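The chain contents come next:
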Amino acid sequence: MISEAEVRDFQLTRVPAAFLDDPYPWYAALRAQDPVHALEGGGVFLSRYGDAVAVYRNPRASSDKKAEFAPKLGDSPLYEHHTTSLVFNDPPLHTRVRRIIMGAVNQRAIARMEQDVTRLVDALLSDMAARGEVDFITDFAAQIPIEVIGNLLDIPRPERGPLRGWSIAILTGLEPKLTTQMLDAGNRAVTEFIAYLKDLIAARRRTPGDYESDVLTRLIQGEKDGEKLTDTELYHQCIFLLNAGHETTTNLIGNGLWALLNHPGELAKLRADPGLIASAVEEMLRYDGPIQLNNRRLLEPMALGGTSLPEGTPVTIGIGAANRDPAQFPDPERFDVARKPNRHVAFGQGDHVCVGMNVARMEGRIAFSRLLAKFPRIALAGEPERDRRVRFRGFRRLPVQVG
């Protein structure tokens, strides 16, 4: 049990070590005792589903992060990236970029991707079968989104090696507490990625790809009315696409397998009825989601959970906490592959709902349907290693044996 004193002292910048292994007892205590919890620096942490949704749907809750990131990141490549990319911007830039990207990840486009994703997954599974024992993260979960985003941007396959490392370093720059090492690694990754993108974009300008399926060509050519992104905006939307697509899907697949291995009855249920794959993926997103935190800044006063918050308040939305709120989800601590309805907020809500959420869902469905069909037996083959970040929840290593 988490004590009242521990709840009172809770801060995202100095979480207990046990929180990184299992944050959900802390979330439950915060929901019950202090659902609008004060954070250092004048912000608040929300742990209830209704409050999270209210902020997501409030057009006066801004995603612009310039005021928040300036003191943390300084005048740096990380600051330029995280204040230029789609996810941390309000209209009009957010609206323009979202419209351009959505055209390449709509349902028709996703249907076109499925055959290639299935082929990729089957090849990865064949390699796993030949080896018998693998790191499920490096050898499977992380490989899928890198290939999908690489294909969306039409990055030559031999040049995709650095992408995952760049993504992890850049996203680590979003942690509530940053070290000099994190900042240095993130800034270096942004600089190297932009240097690479300059050559890639120059080549794509000379030889455009298919506007319908090549996101980079769409971003370069802009909207049909002729409005185009600046070079700086263009670089950072490409980086954003890699980061968002990589982290969400890698953690979804890794956390999802972990949940199945720890709930053998649900794994058996899913094997017996593959038609539950779609609802199982939604439950993986709810039960142990890939991204645990999101942020907004209030542009006008707002009342939440009986607390009046002034204009300018930084709000941290506890996605993982909201997704286990018993006021929204019956028996929320139970992992249920058949759970319906399941209106989780793993992808956010409102105007900023994740642009690639249906791509991630498609990847998850194919990954688990093919994995379970291929291997009658999947078991741990060593001690898993959790990622030690607060915002992102996943594994660094997940050794498994298949057969």
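Here, the structure is the one placed above.
Draft legend 1. Fine view of the environment of Glu383. One can find Glu383 in the loop between β9 (378-380) and β10 (385-386). Given the relative accessible area of 65%, Glu383 is considered exposed.

Draft legend 2. Looking closely at helix α3 (residues 24-33). Taken as a whole, α3 has its buried residues at Tyr24, Trp26, Tyr27, Ala29, Leu30 and Arg31. The elements touched by buried residues of α3 are α1 (4-9), α2 (17-21), β1 (36-38), β2 (44-46), α16 (277-287) and α17 (319-322).

Draft legend 3. Main features of helix α7 (residues 93-102). Of all ten residues that make up α7, seven are buried, and the element is covered over most of its length. Among the residues making up α7, those that are buried are Leu93, His94, Arg96, Val97, Arg98, Ile100 and Ile101. Residues of α7 that are buried in the fold lie against α13 (215-221) and α14 (231-262).

Draft legend 4. Main features of the sheet that holds strand β4 (residues 133-135). Taken in spatial order, the three strands of this open sheet run β4-β12-β9, and their pairing is antiparallel. Whereas interior strands pair on both sides, the edge strands pair on one side only; in this sheet they are β4 and β9. The sheet shows a mean angle of 35 degrees between the axes of neighbouring strands, taken without regard to direction. Two strands pair when backbone bridges link them, and β9 and strand β12 (residues 399-402) are joined in this way by three bridges, in the antiparallel orientation. Its bridge partner being in β12, Ile378 is matched across the sheet by Val402.

Draft legend 5. A look at the side chain of His246. The topology assignment puts His246 in helix α14. In this structure the side chain of His246 is engaged in a polar contact, spanning 3.2 Å, whose partner is the side chain of Ser167. The contacts of His246, once residues within four sequence positions are left out, are Ala142, Pro145, Ile146, Arg164, Ser167 and Ile168.

Draft legend 6. Seen up close, the sheet that holds β1. The mixed open sheet is built from five strands, whose spatial order is β1-β2-β8-β5-β3. Looking at strand neighbours, the two that pair on one side only are β1 and β3 (61-62), the edges of this open sheet. With five bridges joining them, strand β5 (residues 293-298) and strand β8 (residues 314-318) adopt antiparallel strand pairing. Pairing of Arg297 across the sheet is with Pro314, part of β8.

Draft legend 7. Empty space enclosed by the protein, seen in detail. Taken as a whole and judged by the stated rule, the model has three cavities of 30 Å³ or more. When its volume is computed, the largest cavity comes out at roughly 510 Å³. For the largest cavity, the lining is made up of 31 residues, of which Val87, Phe240, Ala244, Ile291 and Asn294 are closest to its centre. Only α6 (77-82), α7, α14 and β5 provide two or more residues apiece to the lining of the largest cavity.

Draft legend 8. Molecular detail of the pattern of salt bridges. Inspection of the entire model under this criterion finds 26 salt bridges. Of the charged contacts in the structure, one is a salt bridge between Arg108 and Glu212, with a shortest N-O distance of 3.8 Å. With Arg108 in helix α8 (residues 107-131) and Glu212 in the loop between α12 (180-206) and α13, the pair connects residues that are 104 residues apart, well separated along the chain. Close ionic contact of Arg204 with Asp214 constitutes a salt bridge, the shortest N to O distance being 2.9 Å. Of this pair, Arg204 sits in helix α12 while Asp214 is found in the loop between α12 and α13, placing the two residues ten residues apart along the sequence. Of the two residues examined, Arg204 and Asp214, each falls in the buried class.

Draft legend 9. Just the pairing of β12, in detail. Looking at chain direction, β4 and β12 are connected through three bridges and run antiparallel. Opposite Val134, over in β12, you have Val400 as the bridge partner.

Draft legend 10. Focus on the packing of α14 against helix α18 (residues 357-374). In the contact formed by α14 and α18, the axes pass within 10 Å of each other and the chain directions differ by 40 degrees. By the criterion of interaxial angle, the relationship of α14 to α18 is oblique. As α14 runs across α18, the sense of the crossing is right-handed. In contact with Thr248, Thr249, Leu252, Ile253, Gly256, Leu257 and Leu260 of α14, α18 contributes Ala360, Glu363, Gly364, Ala367, Phe368 and Leu371. Along the lines of polarity and charge, the residues of the contact of α14 with α18 split into eight nonpolar, four polar and one charged.

Procedures and definitions
Residues numbered from 1 in each chain as written. Predicted model: local features only at pLDDT ≥ 70, side-chain atom pairs only at ≥ 80, totals over all residues. Heavy atoms only, no water. Helix = DSSP H or I, 4+ residues; strand = E, 2+ residues; numbered from the N terminus. Buried < 20%, exposed > 50% of the residue type's maximum accessible area, 1.4 Å probe, protein only. Contact = heavy atoms within 4.5 Å. Pairing = 2+ DSSP bridges. Axes fitted to C-alpha atoms, helices over the stretch in contact; angles between N-to-C directions. Polar contact = N/O pair within 3.5 Å; in protein donor to acceptor, adjacent residues only side chain to side chain. 1 Å grid on protein atoms, 1.4 Å probe; cavity = no way out; pocket = protein on both sides within 12 Å on 5 of 7 lines; lining within 4 Å. Points joined across faces, edges and corners; volume = space filled by probe spheres on them. Salt bridge = Lys/Arg side-chain N within 4 Å of Asp/Glu carboxyl O. Parallel < 35°, antiparallel > 145°, perpendicular 65-115°, else oblique. Left-handed = near helix turned anticlockwise from the far one by under 90°. Nonpolar A, V, L, I, M, F, W, Y, C, P; charged D, E, K, R; others polar.

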